[in-house]
Amino acid sequence: MTIGNGMSRRALGRAALGLGGALALPAIRPSFAQGAPIKVGVLHSLSGTMAISETALRDTVLMMVEWANAQGGVLGRRLEPVVVDPASNWPLFAEKARELLAVSKVDVTFGCWTSVSRKSVLPVFEELNGLLFYPVQYEGEEQSRNVFYTGAAPNQQAIPAVEYLMGKDGGEAKRIALLGTDYVYPRTTNRILRAYLNSKGIGDADIMEEYTPFGHSDWQGIVSRVKRFAGEGKRTAIVSTINGDANVPFYRELGNQGIKAEDIPCVAFSVGEEELAGIDTKPLVGHLAAWNYFMSVPGKPNDDFKAMWRAYIKNDKRVTNDPMEATYTGFRMWLQAVQKAGTTQVDQVREAMYGQKVMAPCGYEEEMRRNHHLTKPVMIGEVQENGQFNIVYKTPTAIAAENWSPFIPENASRRG
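Anyway, here's the lowdown on the structure attached to this text. (Residues numbered from 1 in each chain as written. Predicted model: local features only at pLDDT ≥ 70, side-chain atom pairs only at ≥ 80, totals over all residues. Heavy atoms only, no water.)

Overview of the overall build of the chain
Heads up, the rule is: By definition, any uninterrupted DSSP run of H or I lasting at least four residues is a helix, any uninterrupted run of E lasting at least two residues is a strand, and each is numbered from the N terminus. Note on method: radius of gyration uses C-alpha positions; expected globular size equals 2.2 Å times residues raised to 0.38. Here's how the labels work: a residue is buried when its accessible area is under 20% of the maximum for its type, exposed when over 50%, partly exposed in between, all with a 1.4 Å probe on protein chains only. Contacts between residues were defined by any pair of non-hydrogen atoms, one from each residue, lying within 4.5 Å. Surface exposure here means Shrake-Rupley accessible area, sampled with a 1.4 Å probe, where a residue is shielded only by the protein chains that are shown.
Scanning the chain from N- to C-terminus turns up 12 helices and 14 strands. Taken over C-alpha atoms, the radius of gyration comes to 21 Å for the chain, in line with the 22 Å a tight globule of 416 residues would show. Along the first, second and third principal axes, the C-alpha atoms of the chain reach 70 × 45 × 40 Å. Counting only residues that meet the buried cut, the chain has 60% of its 416 residues in that class. Across the chain, every contact between residues at least 6 apart in sequence was considered, and the portion connecting residues at least 24 apart equals 70%. Element-wise, carbon and sulfur atoms account for 48% of the exposed surface of the chain, whose accessible area totals about 15600 Å².

This is the structure we're talking about:
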């Protein structure tokens, strides 16, 4: 298929210089060995409520396909993307996953954002022994031999963020408002956070918890309730697991009601540079997001990543963000694993993935562990007027994922 916003092999190669090891740019135009192309499935919503977040991930996968092909593909074979649009429709995700695996016969798939979409496709990938790379922070409580999770588990995002809010630098919050979209990720994450907060002496009376449907637009009542909750004498913070385009009216309402970061800080787990691009950020300066990567991270790995993106997308207004970086890192690890295995067969590639390392754009070397999760740093950033983040906290090293949370009692016998 023809890829939009593409770039020449020469330009793409220049953008990729310094990005690593076995993937160095060849000196001559690549030629591919005879044989069928390696098919790469792209399973992201390009319409509906999640398109605001997922379209950029489609573009990232297409960029990586062009980048790999500019260097001769892998195993001497060209990569061919197969793009489908599950349209923010969770049952349709399963149908499109089956189409990719059974009809298009893709060798690997990069896709999903919400946990409900991942839960929808998981039985299909396990039944047909497909391979899915899932690039978004999530609630944990899962481990599948058919999925590699390249986003954060709760101990790599949610818990450190709340620790920060409760600490001196974060304002020493004593009350927490948990606001989320009504599906599995926010509800499970908040179950973990409630148990964590209880363990730190914050009782249920000091925890507010509310959920809204996907695409929710009327935030006036909820934001008013948060203000009343915060007006009862204890320092209050908001923890947001709101997903998709509902973030635009939510943040607008925070500004309308004069909720400033110095009074009631809000830390978001699903809002990054891409989502802020459609919001007037001036009233939001100082509010927070917790991720494992920000576009503002200094250093050569990120400079190279951003240059690669700019050369591909040809639009200086398009930003990079955490799930894009996780997509990039997972794609590079998959290429390395295929090269090591000498095949795209799922069982061999799975084994070759364990122990794969990449110096990621976040500036940390990340490693794929046998629990199918990456080691990742934790970063907290403050919103700036230009829609970027000033990093106010980061861990000194990448930390291992706890995909089975110790704050869920039934996990005591199965964590690891």
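That was the structure; now back to the text.
Digging into the sheet that holds strand 4 (residues 132-134)
The cut-off we apply is this: We call two strands paired when DSSP finds no fewer than two bridges between them. Lines are fitted to the C-alpha atoms to define the axes, a helix being fitted only along its stretch in contact, and any angle between axes, read from their N-to-C directions, falls within 0 to 180 degrees.
Overall, parallel pairing links the five strands, which are arranged 2-1-3-4-5 in an open sheet. Every other strand in the sheet has two partners, leaving strand 2 (79-84) and strand 5 (147-149) as the edge strands with one partner each. Taking the axes of each pair of neighbouring strands and ignoring which way they run, one obtains an average angle of 25° across the sheet. Pairing between strand 3 (residues 108-111) and strand 4: two bridges, direction parallel. Bridge assignment links Thr109 to a residue of strand 4, and that residue is Leu132. In this fold helix 3 (residues 90-104) packs onto strand 1 (38-43), strand 2 and strand 3, with an angle of close to 175° to the strand it touches most, strand 1.

Re the environment of Tyr328
Within the secondary structure layout, Tyr328 lies in helix 11 (residues 322-341). Remark: the alpha-carbon pair of Tyr328 and Thr212, spanning 116 residues in sequence, is separated by 31 Å.

A closer look at the pairing of strand 2
For the record, the criterion: With strands facing away from the observer, any crossover in which the path from the first strand over the helix to the second runs clockwise is taken as right-handed.
In terms of burial, strand 2 is a largely internal element, five of the six residues being buried. Viewed along the sheet, the connection from strand 1 through helix 2 (residues 51-70) into strand 2 turns out right-handed.

Remarks on the nonpolar core
The tendency in soluble globular proteins is for nonpolar side chains to be buried as a group. Threshold: In plain words, nonpolar cores are sets of buried Ala, Val, Leu, Ile, Met, Phe, Trp, Tyr and Cys residues tied together by side-chain atoms within 4.5 Å.
Counting 100 residues, the largest nonpolar core has Val40, Leu43, Leu79, Phe250, Tyr251, Phe331 and Trp334 as the members making the most contacts within it. In contact with Leu79, other than residues within four places in its own chain, are Ile38, Val40, Val65, Ala68, Asn69, Gly73, Val74, Phe331, Trp334 and Leu335. By size, the runner-up hydrophobic cluster in this structure holds 25 residues, among which are Ala173, Tyr185, Leu197 and Ile207.

What to know about the packing of helix 2 against helix 10 (residues 300-313)
Spelled out, the test is: In what follows, roughly perpendicular refers to angles from 65 to 115 degrees, roughly parallel to angles under 35, roughly antiparallel to angles over 145, and oblique to any angle outside these ranges. Amino acids are sorted into nonpolar (Ala, Val, Leu, Ile, Met, Phe, Trp, Tyr, Cys and Pro), charged (Asp, Glu, Lys and Arg) and polar (every other residue, Gly among them).
Contact pair helix 2 / helix 10: the axes reach a minimum separation of 10 Å and the direction vectors enclose 95°. Here helix 10 runs roughly perpendicular to helix 2, going by the angle between their axes. Between helix 2 and helix 10, the contacting residues are Ala56, Asp59, Thr60, Leu62, Met63, Met64, Glu66 and Trp67 on the first element and Phe305, Met308, Trp309, Tyr312 and Ile313 on the second. Its residues assigned to classes, the contact of helix 2 with helix 10 shows 10 nonpolar, one polar and two charged.

So, the packing of aromatic side chains
To keep it simple, the criterion reads: Stacked, tilted and edge-to-face are the three classes assigned to paired rings of Phe, Tyr and Trp, where Trp is represented by its six-membered ring and a pair needs centres within 6.5 Å; plane angles under 30 degrees give stacked, over 60 edge-to-face, the rest tilted. By the criterion adopted, a ring carries a charge over it if an Arg CZ or a Lys NZ lies within 6 Å of its centre and within 35 degrees of its normal.
Inspection of the entire model under this criterion finds 20 aromatic pairs. Measuring from centroid to centroid gives 6.2 Å for Tyr164 and Tyr393, while their planes differ by 45°, and the two rings are tilted. Residue Tyr164 is located in helix 5 (residues 158-166), and its partner Tyr393 is located in strand 14 (residues 389-394); the two are separated by 229 residues in the primary sequence. According to the relative accessible area criterion, Tyr164 is buried, its value standing at 13%. Using a relative accessible area of 32% as the deciding quantity, one classes Tyr393 as partly exposed. Members of the aromatic cluster, each reached through a chain of ring pairs, are Phe110, Phe133, Phe148, Phe331, Trp334 and Tyr354. Stacked on the ring of Tyr134, the Lys or Arg Arg118 has its end atom at 4.8 Å from the ring centre.

Some points on the pattern of salt bridges
Going by this rule: Salt bridges are counted wherever a side-chain nitrogen of Lys or Arg sits within 4 Å of a carboxyl oxygen of Asp or Glu.
Here the structure, examined in full by the defined rule, presents 22 salt bridges. For Asp59, the salt bridge goes to Arg318, with nearest N and O atoms at 2.8 Å. Taken together, the positions of Asp59 in helix 2 and Arg318 in the loop between helix 10 and helix 11 put the pair 259 residues apart, joining distant regions of the chain. Take Asp59: its relative accessible area is 5%, and that puts it in the buried class. For Arg318, a relative accessible area of 19% corresponds to the buried category. Note that Glu142 and Arg118 form a salt bridge whose closest N and O atoms lie 2.8 Å from each other. Of this pair, Glu142 sits in the loop between strand 4 and strand 5 while Arg118 sits in helix 4 (residues 115-128), and the two are 24 residues apart along the sequence. Like Arg118, Glu142 is buried. Residues joined in a network through salt bridges with shared partners are Arg118, Lys119, Glu139 and Glu142.

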